Amino acid sequence: MSRAVLLGPAVLLCAVWLSVCPGFAVELLQNGYRDVVVAIHPRVPEDPALLQSIQVMFTEASQYLFTATRRRAFFKDVKILVPMSWRENDALYRRPSREMYTEANVMVSDPFCENAITPPFTSTLGHCGQQGRYIHLTPRYLLDNSATDTFGPRGRVLVHLWATLRWGVFSEFDSQTLFYRSGTGTIEATRCSSTISGFQLNSDGSACETDPQTGLPTGDCTFRPGSIQNTTGSIMYQPFIPQITEFCDSRSHNSEAPNTHNRLCDYRSVWDVISSTPDFQNGNNPPHAPDPAPPSFTLLRAQRRVVCLVLDTSGSMSTGNRITRLRQAAQLFLLEILEQGSLVGIVDFDDKTIILKSLTKIDSMSTRKQLAAALPSEASGGTNICGGLRKGLEVLTGDDNKVAGDEIILLTDGEDSGVGSCVEEVGNSNAIVHTIALGPSADPRLEQFAIRTGGKLFSATDNIDSNGLLDVFSGILSGAGDDVNMPIQLLSTGTKTAPDTQFSGSVSVDSTVGNNTVFSFTWQLAQPQVSVQSPRGDIYNNNHMDIDPAMRTARLTLPGVAESGTWSFTMLNSYSSAQTFTVTVLSQAVSECVPPLTVTGTIQKSEVTYPEPIIITGMVSQGNRLITKAKVSVIVDLGNGKLLRLPALDDGAGDDAFQDDGLYTCLFYEYPLSGRYSVKLEVLGEKGIVEAVSPIYHSTPAKPAPSKGRARRGVEINHQGLDDFSRSAVGGTVTVMGVPAVPQDDFPPSRVTDLTATLTNNSILLQWTAPGDDYNIGTVSNYDVRVSPIPDDLRNSFSQAHSLNTSSLYVVPAGQKQILQVPLTALPATNQSVLFFALCASDDAKHTSPTSSIANSPVVTFAMETPKNPVTTPSSASSRPSSAVPLLLSLGFTSSLCSI
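Quick caveat, the model's predicted, so the values are computed rather than measured.

1. What about the nonpolar core?
Line of reasoning, step 1. Formed by 66 residues in total, the largest nonpolar core has its most connected members in Y33, I40, F58, W162 and F247.
Line of reasoning, step 2. With nine residues, the top contributor of residues to this core is helix 1 (residues 48-68).
Line of reasoning, step 3. Formed by 37 residues, the second largest nonpolar core is a distinct cluster that contains I614, A630, V636 and F747.

As structure tokens, this is what we get:
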């Protein structure tokens with residue numbers, strides 16, 4: 001059994017998936033969705049026609065959604081946020097409150113200046129029944145009427161995408177497995193419902209050929225739905241079919257289809273999943289009698305950033321080097337992170353409050369340095385958090401007497417018995433509060449301000465060997481979405497360095513960045529000798545740097561565009577004692593048409609109770625493309641002076657929904673103690689290895705047309721412009737409660753998600769990635785493998801399904817490939833030719849995993865004897881050829897716990 005010693009290294013499990021939930025909480029009240037936010041990217045040119053198209057799309061979608069949800073939901077009001085680059089028009093645009101581009105429900109952008117009609121898609125975690133991140137549309141898609149010829153009416157497409165975003169249901173079209181052999185032996189197109197009729201043709205209009213081994217169509221053969229259908233339920237398959245007005249339900253659902261929705265949702269129908277979400281469960285939002293009115297629209301125009309630093313200078317800030325670390329981190333924020341043209345003020349508080357700097361416009365490096373010089377340097381007195389917040393709100397009124405949408409960055413290390421008295425007051429101000437808890441004693445109620453106002457939650461420990469506080473301030477970026485002018489953190493690292501030794505390292509500057517590149521160094525006690533070397537050998541030393549002895553910082557700003565390649569640095573400690581050094585490297589994009597590579601890390605919940613695991617998510621991307629095959633590390637500050645670094649994997653096992661899709665997830669569960677944990681991500685990419693892929697899994701299917709195009713068989717891959725690169729980003733903070741004083745085995749094996757089956761001679765070969773004794777660590781004790789011709793048997797009554805003998809199975813450690821060979825004679829006798837397999841794992845403490853899923857594996861079909869003339873769709877040809885003896889192997893999927 002794998003166990004960690006109390007207060008020893010924690011265990012973090014890593015796989016890959018997408019980041020976080022939507023930033024704005026859309027409400028469904030009295031059947032109407034309210035506060036839906038559509039945001040237009042800062043580089044999209046001003047165009048009134050774009051606003052008109054968005055409104056027409058939502059108006060069409062609202063009525064279609066109302067019908068599809070059986071009169072239970074429609075769009076009540078929609079807010080459209082235009083960028084600050086569009087002209088001011090007080091008669092047309094209102095001031096936003098907390099709406100911003102990076103947190104919008106629908107994003108409109110063209111990150112590669114392609115001006116192309118690319119498929120609309122939903123960015124999602126890939127977990128059934130859970131909300132996704134956002135819907136992405138391009139301006140060309142919204143403005144070019146030919147888009148409707150390709151994808152169908154925009155209102156219908158929006159409902160298809162909204163279903164994935166809001167309810168966590170997925171496409172019933174599959175671009176990788178276009179055809180399969182059904183349980184009756186017929187060749188069927190992958191679709192739902194199976195009553196959708198049509199015909200098979202190659203892209204040139206010729207008849208499809210078949211694979212002699214499987215009997216399935218080959219080449220670019222596609223299924224083309226007929227123009228007239230007798231079914232109405234298939235929105236997640238092809239929303240453009242005119243007769244389609246409903247989601248598949250239990251009556252029309254095709255549980256055999258090897259599509260994304262079946263793989264991720266336990267073969268449940270789309271409507272079953274939708275009706276089980278909080279929007280509709282327990283009688284919520286029952287059918288509404290009258291037809292809804294068209295949605296109302298509010299136009300908002302983004303404002304310049306207005307920020308106030310509200311900083312704790314109570315007596316406890318004088319301990320543990322906290323006040324110096326605060327000054328260094330806040331200086332980095334003021335000098336390098338805040339956008340040009342922003343307004344910023346500074347407040348410090350102990351048991352009283354002082355305005356150190358009223359709102360000041362950042363218009364030069366001189367102004368930035370003046371602001372940094374005003375940062376507090378002394379600490380004394382008590383802690384009055386509400387007093388500091390009220391003074392911060394006062395400062396924010398300095399430009400226009402309003403605070404809605406303005407930001408407060410609140411940092412504190414202490415407790416305040418009166419902190420709860422102003423949560424409602426601050427929340428009602430419509431300002432955004434980001435909270436930073438410094439050290440182990442920061443008030444446990446601090447995060448309430450961020451949660452209430454839509455701000456971000458951060459924490460930093462007293463571990464001076466790391467640069468956690470610097471990472472936090474580097475991560476408080478604008479929500480405007482202007483990735484060209486946004487600073488990108490390439491590297492952030494630190495360590496304690498002994499006397500007369502060097503702290504050294506390197507960083508890759510790739511071709512997507514290079515503008516305004518800055519190396520920022522800090523030290524704890526005495527100024528070191530610093531050296532930076534460019535890829536071609538140029539040397540920069542202390543003489544080339546802006547050194548601030550009082551702040552204990554040195555900054556090297558590279559002229560022009562930094563040379564691409566590997567840069568190295570050294571910091572020589574010539575002091576008589578060991579001291580901590582840190583280095584942070586920031587850069588910006590070089591072209592508005594080549595978005596920089598970025599990493600985004602988030603924690604799913606702000607608070608968990610033992611033994612619930614923490615789900616850490618991350619995404620490596622370039623614009624709307626995802627980056628795969630990078631080396632990703634997750635670093636957790638355990639709060640006890642130790643850092644934990646473990647790899648993140650994109651292998652499709654564990655909680656990963658898809659292999660090689662650029663989405664990263666870690667389970668962190670074996671906590672050394674209760675308290676706050678802070679997280680960061682580091683990414684290294686190697687040229688020729690990393691790939692840029694389009695988010696094709698959750699895009700809208702295009703309408704098939706004769707003699708046009710090839711069916712999309714998989715993810716579109718692009719290596720162009722991907723050099724060696726490095727990135728670093730803060731992931732956030734989470735509070736863990738209820739950790740026992742004595743270690744316990746409370747953790748089950750992880751769910752198996754990559755079970756596959758292969759017919760080999762006279763046996764079935766089952767393969768999967770082995771889970772561990774505790775999630776994905778260690779070795780399980782045994783497996784319970786079962787088979788049934790009906791997937792519902794495995795989902796609803798796993799223990800009653802036919803059990804397979806696993807006594808000869810050699811159990812391998814977590815992460816290795818587990819193989820079980822099942823003789824055909826061991827399978828149950830059945831008149832069905834579709835067999836479903838599932839398994840559960842258990843550990844030596846009798847903890848049992850959830851039943852296995854097929855989250856990232858297509859259904860595999862084999863024919864023991866291939867028919868000479870395989871039956872083709874439509875499904876009206878349902879007779880099974882007498883010469884065929886097919887066996888379809890499908891992998892059971894359920895979220896219920898096994899019963900051993």
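2. Concerning unusual backbone geometry
Line of reasoning, step 1. Going from C192 to S193, the amide bond is cis rather than trans, its omega being 10 degrees.
Line of reasoning, step 2. You can see S193 is positioned in the loop between strand 11 (187-189) and strand 12 (198-201).
Line of reasoning, step 3. Look at the link from Y610 to P611: it is a cis peptide, with omega at 5 degrees.
Line of reasoning, step 4. Within the secondary structure layout, P611 lies in the loop between strand 31 (607-609) and strand 32 (614-622).
Line of reasoning, step 5. Here N516, not a glycine, exhibits a phi torsion of approximately 50 degrees, which is positive.
Line of reasoning, step 6. In this structure, N516 sits in strand 23 (residues 513-523).
Line of reasoning, step 7. Residue class for N516 comes out partly exposed when judged on its relative accessible area of 47%.
Line of reasoning, step 8. We note that D660 has phi near 55 degrees; this positive angle belongs to a residue other than glycine.
Line of reasoning, step 9. One can find D660 in the loop between strand 35 (643-648) and strand 36 (663-670).

3. Overview of the environment of R645
Line of reasoning, step 1. The topology assignment puts R645 in strand 35.
Line of reasoning, step 2. Of the residues examined, R645 reaches a relative accessible area of 48% and is grouped as partly exposed.
Line of reasoning, step 3. Each C-alpha atom, one on R645 and one on S633, is 6.4 Å from the other, the two residues being twelve residues apart in sequence.
Line of reasoning, step 4. With residues near it in sequence (within four places) discarded, R645 still touches S633, V634, I635 and E682.
Line of reasoning, step 5. A distance of 2.8 Å separates a polar atom in the side chain of R645 from a polar atom in the side chain of E682.

4. Some thoughts on the sheet that holds strand 27 (residues 553-557)
Line of reasoning, step 1. Strand order in this open sheet of five strands is 21-29-23-27-26, and the pairing throughout is antiparallel. Each end of this open sheet is capped by a strand with a single partner; those strands are strand 21 (488-497) and strand 26 (546-548). Adjacent strand axes in the sheet meet at a mean angle of 15 degrees when their direction is disregarded.
Line of reasoning, step 2. Relative to strand 29 (residues 579-589), strand 23 runs antiparallel, the two sharing eight bridges. Bridge pairing links T522 to T582 in strand 29.

5. Observations concerning the packing of aromatic side chains
Line of reasoning, step 1. Applying the stated criterion across every chain, the model contains 24 aromatic pairs.
Line of reasoning, step 2. A ring pair is formed by F519 and W567, whose centres lie 6.0 Å apart and whose planes are at 45 degrees; its orientation type is tilted. On the criterion of sequence distance, the pair formed by F519 in strand 23 and W567 in strand 28 (residues 565-572) is long-range, its members being 48 residues apart.
Line of reasoning, step 3. Residue F519 is classed as buried on the basis of its relative accessible area of 0%.
Line of reasoning, step 4. In this structure W567 comes out as buried when scored by relative accessible area, which is 3%.
Line of reasoning, step 5. With 6.0 Å between their ring centres and 40 degrees between their planes, F747 and Y775 make a pair best called tilted. Taken together, the positions of F747 in the loop between strand 40 (725-737) and strand 41 (756-760) and Y775 in the loop between strand 42 (763-769) and strand 43 (782-788) put the pair 28 residues apart, joining distant regions of the chain. There is no split in this pair, since F747 and Y775 are both buried.
Line of reasoning, step 6. Of the aromatic side chains, those joined through ring pairs into one cluster are F503, F519, F521, Y540, W567 and F569.
Line of reasoning, step 7. One residue, R191, lies across the ring of F223, its end atom 5.2 Å from the ring centre.
Line of reasoning, step 8. For the cation-ring pair, R625 lies above F112, with the distance from its terminal atom to the ring centre recorded as 3.7 Å.

6. Description of the pattern of salt bridges
Line of reasoning, step 1. All chains considered together, the criterion is met by 40 salt bridges.
Line of reasoning, step 2. With its nearest N and O atoms 3.3 Å apart, the salt bridge here joins D406 to R95. One end of the pair, D406, is in the loop between helix 9 (385-396) and strand 18 (407-412); the other, R95, is in the loop between strand 6 (77-82) and strand 7 (106-108), with 311 residues separating them in the sequence.
Line of reasoning, step 3. Residue class for D406 comes out buried when judged on its relative accessible area of 3%.
Line of reasoning, step 4. Between E682 and K680 there is a salt bridge, with the nearest N and O atoms lying 3.8 Å from each other.
Line of reasoning, step 5. The exposure class of K680 is buried, given its relative accessible area of 9%.
Line of reasoning, step 6. One continuous salt-bridge network, built from bridges that share partners, spans R322, R325, D413 and D462.

Calculation criteria
Residues numbered from 1 in each chain as written. Predicted model: local features only at pLDDT ≥ 70, side-chain atom pairs only at ≥ 80, totals over all residues. Heavy atoms only, no water. Core = buried A, V, L, I, M, F, W, Y, C linked by side-chain atoms within 4.5 Å. Buried < 20%, exposed > 50% of the residue type's maximum accessible area, 1.4 Å probe, protein only. Helix = DSSP H or I, 4+ residues; strand = E, 2+ residues; numbered from the N terminus. Contact = heavy atoms within 4.5 Å. Polar contact = N/O pair within 3.5 Å; in protein donor to acceptor, adjacent residues only side chain to side chain. Pairing = 2+ DSSP bridges. Axes fitted to C-alpha atoms, helices over the stretch in contact; angles between N-to-C directions. Phe/Tyr/Trp six-rings, centres within 6.5 Å; stacked < 30°, edge-to-face > 60°. Lys NZ or Arg CZ within 6 Å of the ring centre and 35° of its normal. Salt bridge = Lys/Arg side-chain N within 4 Å of Asp/Glu carboxyl O.

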